[in-house]
Amino acid sequence: MNSDVQTPARPGGRRTAGPQGTQLFSAEELHQYAAETGLAPDGRASVHEPVIEGVGAGLEGRRFSLRSGRQTIGRGGDSDIVIDDPSVSSSHAWIINQHGHHVIMNTLSTNGTFVNDKRIHEAVLKHGDRIRLGQAEFVFLTRERGAAGRMRLRWIGFGLLTLGGLGALAWWFA
């Protein structure tokens, strides 16, 4: 964890500890802490920890981790993912993790929710989908860019190594 991030404390600055010195947090403290950090734990996208990454003006490169359950996205301070853009409604949309599938739902926003330039009420997100909330633009990532290419190179390398090994065996037994 980043040492710059401060652990939230109880009112009065006191923190209680569990039986083995484990810090105890209330649900409200955890929600506040998550809202303050807002970014993916290690900043990397994966199937188990997808992210939305800002691609529009003022949001370039900002990543927001998508956790289990429902997350609210909006301009309001009580949103799980706060987007400071006047075109985003205070409670603009929800992203819901339903059995490993992420669904985005518009929540009666003024300027609409779009996936791949198509206005939606509800849509299942796939890797690479472009999301627009008002004028704020994001991309939904379940893996890092170029990861498929690196995986393909690994398989090619493995295949060449296997063929080389089979060739050596054929030469040895010939």
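Given the structure is predicted, the values throughout are model-derived calculations rather than measurements.

**Some remarks on the overall build of the protein chain**
Secondary structure assignment for the protein chain yields two helices and eleven strands. Here the protein chain, with 174 residues, has 34% of them falling under the buried criterion. Excluding contacts between residues fewer than 6 apart, the proportion of contacts in the protein chain whose partners are at least 24 apart in sequence is 34%. Split by element, the accessible area of the protein chain, about 11400 Å² in all, is 57% carbon and sulfur.

**Overview of the sheet that holds strand β8 (residues 118–120)**
Strands sit in the order β2-β1-β11-β10-β7-β8 across an open sheet of six strands; the sheet is antiparallel. Unpaired on one side and paired on the other, β2 (63–65) and β8 mark the two borders of the sheet. The sheet shows a mean angle of 30 degrees between the axes of neighbouring strands, taken without regard to direction. In this structure, strand β7 (residues 113–115) lies alongside β8, joined through three bridges in antiparallel fashion. Following the sheet pairing, Val 115 is matched in β8 by Lys 118.

**Regarding the packing of aromatic side chains**
Here the structure, examined in full by the defined rule, presents one aromatic pair. With centroids separated by 6.3 Å and ring planes inclined at 70 degrees, the aromatic side chains of Phe 64 and Phe 138 adopt a geometry described as edge-to-face. Taken together, the residues span a long stretch of sequence, with Phe 64 in strand β2 and Phe 138 in strand β11 (residues 136–141) at a distance of 74 residues. By relative accessible area, which is 3% here, Phe 64 ends up buried. The ring of Phe 114 has Arg 132 sitting right over it, with the charged end atom 4.0 Å from the ring centre.

**Considerations on the sheet that holds strand β5 (residues 93–98)**
Pairing within the open sheet is mixed, and its five strands lie in the order β4-β3-β5-β6-β9. Only two strands of the sheet have a single neighbouring strand rather than two, namely β4 (81–82) and β9 (122–124). Both β5 and strand β6 (residues 101–106) contribute to a ladder of six bridges, which runs antiparallel. The partner of Ile 95 across the bridge, within β6, is Ile 104.

**Overview of the pairing of β11**
Counting buried positions along β11 gives five out of six residues, so the element sits mostly inside the fold. In the sheet, strand β10 (residues 130–133) pairs with β11 via four bridges, with the strands oriented antiparallel. Pairing of Leu 133 across the sheet is with Ala 136, part of β11. Count of turn residues in the β10/β11 antiparallel hairpin: two residues, of which Gly 134 carries a positive phi of about 60 degrees.

**What to know about the pairing of strand β3 (residues 69–74)**
Sheet topology note: the β3/β5 ladder contains five bridges and is antiparallel. Note that in β5 the partner of Arg 70 across the bridge is Ile 96. Looking at chain direction, β3 and β4 are connected through two bridges and run parallel. Along β4, the bridge assignment pairs Gly 74 with Val 82.

**Quick word on the pattern of salt bridges**
For the structure shown, the criterion picks out four salt bridges. One salt bridge in this structure joins Lys 126 and Asp 129, with 3.9 Å as the shortest N-O distance. Since its relative accessible area comes to 53%, Lys 126 is described here as exposed. A relative accessible area of 5% means that Asp 129 is categorised as buried.

Quick notes on the rules
Residues numbered from 1 in each chain as written. Predicted model: local features only at pLDDT ≥ 70, side-chain atom pairs only at ≥ 80, totals over all residues. Heavy atoms only, no water. Helix = DSSP H or I, 4+ residues; strand = E, 2+ residues; numbered from the N terminus. Buried < 20%, exposed > 50% of the residue type's maximum accessible area, 1.4 Å probe, protein only. Contact = heavy atoms within 4.5 Å. Areas by Shrake-Rupley, 256 points an atom, 1.4 Å probe, with all protein chains shown as cover. Pairing = 2+ DSSP bridges. Axes fitted to C-alpha atoms, helices over the stretch in contact; angles between N-to-C directions. Phe/Tyr/Trp six-rings, centres within 6.5 Å; stacked < 30°, edge-to-face > 60°. Lys NZ or Arg CZ within 6 Å of the ring centre and 35° of its normal. Salt bridge = Lys/Arg side-chain N within 4 Å of Asp/Glu carboxyl O.

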